[in-house]
Amino acid sequence: MDLTYTEAEEEFRRRLREWLTAVLPGLPPKPSPDDWPARRAYDTAWQRMLYDAGYAGLHWPQDAGGRGATPTQHLIFLEETEKAGAPYVGANFVGLLHAGPTVAAEGTAEQRARWLPPVLRGDEIWCQGFSEPEAGSDLAALRTRAVRDGDDYVVSGSKIWTSHAEVADWCELLVRTDPEAPKHRGISWLAMPMDAPGITVRPLRTLAGSTEFAEVFLDEVRVPVHNRVGAENDGWRVTMVTLSFERGTAFVGEVVACRRTLDALAAEARRNGKWDDAVVRRRLGRLNAEFRALWRLTQWNVAESERIGGVPGIGGSVFKLRYSQTRQELYEAAAEVLGADAFDLDREWALDRLSSLSYTIAAGTSQIQRNIVAERILGLPKGR
């Protein structure tokens, strides 16, 4: 693994910093967390700025509308935008980080031409229809049915934890197209328009009071067959491509944010006297080592991605597993340093602590990640 940056990569960093310095002061204030139409408008406006400046879909292939940048350049982009306090992708994240790259890797020329440019410009938002109430972490146990009827699939079932469904234009949807096949082999990957008749979206309120998730109910929704990405019943393989992107560099910006939070926490400990406690200092020091190690692991994953052609490998599961736990430990330490203030929901610390609890579940539970590491990296036999 080469941890150094080339002259071209450092020049890319310099130009990006100059652009961020020029444009960030002119951004409008962030909208209320509860105002989803305003949040969509804010996020898509930022995406359009990235597109106009040539930073949209930075790591996407050029023939998919991206810049064809290396994974290392993408890593630099994520690092610098987070350090500068630039907006996150927000409501755009499924399209930009999951669905878009999947269509770029697996879609037909017509599908790429239809769906990728609107994602890059910020014109259309995607959500993810994978999880189901009765499937839990066993994604292959999904029950949402898609029955072929001429040129359409007729889809019935339900999905849960569907991020930003209430403002999405499209849904990357997993359906069962062959109920008689083994559960991993009877699945197909569809792009479903969210304005199709028969779709009901019911927002879910999280512990922190936000509603970025929703239940989605599907009652004989007709989805054109030409909206299927990959072959019929080959959706599990396509899904593994999607999840490799989800667990690849999707959390890189958050590692940078956590390191910044840790610095702020150390400063707060010095201010309020908690720094005099050797146990607190050791805890913060160990967290600093953890996040530094996670950053190096990210660099290793990026180097491996470059070696195998740009698609993230299964090493992302190692990163996601450890990052989820370390983020929770960070906010447990924050509670120790801040005391009662850590439970004031008007403070960002408290909301971030509540949010951290979801990370060992979101994007694949820690139990699932351990199975992936054991079976696909270490080569251990599957459990019975």
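Look above for the structure.
Anyway, here's the lowdown on the structure attached to this text. Computed from a predicted structure; not experimentally measured. (Residues numbered from 1 in each chain as written. Predicted model: local features only at pLDDT ≥ 70, side-chain atom pairs only at ≥ 80, totals over all residues. Heavy atoms only, no water.)

## What to know about the overall build of the protein chain
For the record, the criterion: Numbering of helices and strands starts at the N terminus; helices are DSSP runs of H or I of at least 4 residues and strands are runs of E of at least 2. When checking whether two residues touch, look at their non-hydrogen atoms; a contact exists if any pair is within 4.5 Å. Only the protein chains shown count as cover for residues, and all accessible areas are computed by the Shrake-Rupley method using a 1.4 Å probe.
Regarding its fold elements, the protein chain presents 11 helices and eight strands. In the protein chain, of all internal contacts separated by at least 6 residues, the share reaching a separation of at least 24 is 72%. Summing over all exposed atoms, the protein chain offers an accessible surface of approximately 18200 Å²; the carbon and sulfur share of this is 52%.

## Section: the state of the cysteines
Which entries qualify depends on this criterion: Criterion for a disulfide: a pair of cysteine sulfur atoms within 2.5 Å. Accessible area is worked out with a 1.4 Å probe on protein chains only. A residue is then buried under 20% of its type maximum, exposed over 50%, and partly exposed in between.
Per the stated rule, a full pass over the model turns up zero disulfides. With no disulfide of its own, C127 lies 3.9 Å from the sulfur of C171, the closest cysteine sulfur. C127 gets classed as buried once you look at its relative accessible area, which sits at 0%. Its relative accessible area of 3% is what places C171 among the buried residues.

## Here's the deal with the pattern of salt bridges
Put simply, the rule is: Each reported salt bridge corresponds to a side-chain nitrogen of Lys or Arg within 4 Å of a carboxyl oxygen of Asp or Glu.
All chains considered together, the criterion is met by 28 salt bridges. Note that R260 is salt-bridged to E82, the shortest N-O span being 3.0 Å. One end of the pair, R260, is in helix 7 (residues 252–272); the other, E82, is in helix 3 (residues 71–83), with 178 residues separating them in the sequence. Using a relative accessible area of 16% as the deciding quantity, one classes E82 as buried. E134 is paired through a salt bridge with R143; the nearest N and O atoms lie 2.5 Å apart. R143 carries the same exposure label as E134, and that label is exposed. One network of salt bridges, with partners in common, ties together E10, R13, R17, E79, E80 and K83.

## Thoughts on the pairing of strand 7 (residues 213–224)
We apply this condition: Any two strands between which DSSP finds at least two bridges are classified as paired.
Inspection of the sheet shows strand 3 (residues 152–159) paired to strand 7 by seven bridges, in the antiparallel sense. Its bridge partner lying in strand 7, S158 is registered against F217. Examined bridge by bridge, strand 6 (residues 199–204) and strand 7 share six bridges and lie antiparallel to one another. Note that in strand 7 the partner of P203 across the bridge is A214.

## Section: the environment of T81
Selection criterion: Identification of polar contacts relies on pairs of N or O atoms within 3.5 Å, with a donor-acceptor requirement for protein atoms, meaning one able to donate a hydrogen and the other able to accept it, and with residues adjacent in sequence counted only if both atoms are side-chain atoms.
Tracing the backbone shows T81 in helix 3. Put simply, T81 and G253 are 172 residues apart on the chain and 8.0 Å apart in space, counted from C-alpha to C-alpha. If sequence neighbours within four positions are ignored, T81 has contacts with L20 and A86. Within polar-contact distance, the side chain of T81 engages the backbone oxygen of L78 at 3.2 Å.

## Comments concerning unusual backbone geometry
One non-glycine residue, W161, adopts positive backbone phi at about 60°. Mapped onto the elements, W161 comes out in the loop between strand 3 and strand 4 (170–176). Here the phi dihedral of E220 falls at roughly 55°; this positive angle occurs in a residue that is not glycine. The topology assignment puts E220 in strand 7. By relative accessible area, which is 55% here, E220 ends up exposed.

## Let's talk about the packing of helix 4 (residues 93–106) against helix 5 (residues 109–121)
The following threshold applies: To define axes, lines are fitted to C-alpha atoms, for helices over the stretch in contact only, and angles between the resulting N-to-C directions are given on a 0 to 180 degree scale. Relative orientations are named as follows: roughly parallel for angles under 35 degrees, roughly antiparallel for angles over 145 degrees, roughly perpendicular for angles from 65 to 115 degrees, and oblique for any other angle. Whether a crossing is left-handed or right-handed is set by the direction in which the near helix is turned from the far one by less than a right angle, anticlockwise for left-handed and clockwise for right-handed. Any residue outside Ala, Val, Leu, Ile, Met, Phe, Trp, Tyr, Cys, Pro, Asp, Glu, Lys and Arg is labelled polar, Gly included; the first ten of those are nonpolar and the last four are charged.
Where helix 4 meets helix 5, the axes come as close as 9 Å, and the angle between the chain directions of the two elements is 155°. Put simply, helix 4 runs roughly antiparallel to helix 5. In this structure, the crossing between helix 4 and helix 5 has a hand that is left-handed. Judged by residue contacts, G95, L96, G100, V103, A104 and A105 of helix 4 engage Q111, R112, W115, L116, V119 and L120 from helix 5. Among the residues forming the contact of helix 4 with helix 5, the class breakdown is eight nonpolar, three polar and one charged.

## Section: the packing of helix 2 (residues 36–53) against helix 5
The interhelical angle for the contact between helix 2 and helix 5, taken along N-to-C directions, is 100°, at an axis separation of 7 Å. Comparing the axis directions of helix 2 and helix 5 gives the class roughly perpendicular. Contact with helix 2, carried on its side by T44, Q47, R48 and Y51, involves V119, L120 and R121 of helix 5 and no other residues of that element. Along the lines of polarity and charge, the residues of the contact of helix 2 with helix 5 split into three nonpolar, two polar and two charged.

## Details of the side chain of K159
Within the secondary structure, K159 is located in strand 3. Engagement of the side chain of K159 in a polar contact is seen with the side chain of E132, the distance being 2.8 Å. Within polar-contact distance, the side chain of K159 engages the backbone oxygen of L174 at 2.8 Å. Those residues within four positions of K159 in sequence are excluded, and the remaining contacts are G129, F130, S131, E132, L142, T144, L173, L174, A214, E215 and V216.

## Focus: the nonpolar core
Selection rule: Buried Ala, Val, Leu, Ile, Met, Phe, Trp, Tyr and Cys residues form a nonpolar core when they are joined through side-chain atoms within 4.5 Å. Domain start and end points were adopted from an automatic or database domain assignment.
Judged by nonpolar contacts, the single largest core of 42 residues is most densely connected at W19, W46, Y55, F77, W126 and W189. Going through the elements one at a time, helix 1 (7–23), helix 2, helix 3, helix 4, helix 5, strand 4, strand 5 (187–193) and helix 6 (235–246) are the ones with two or more residues in this core. Ranked by the residues each element gives to this core, the list is headed by helix 4, at seven residues. Lining this core are residues from two domains, each supplying at least three of them: domain 1 (5–119) and domain 2 (124–231).

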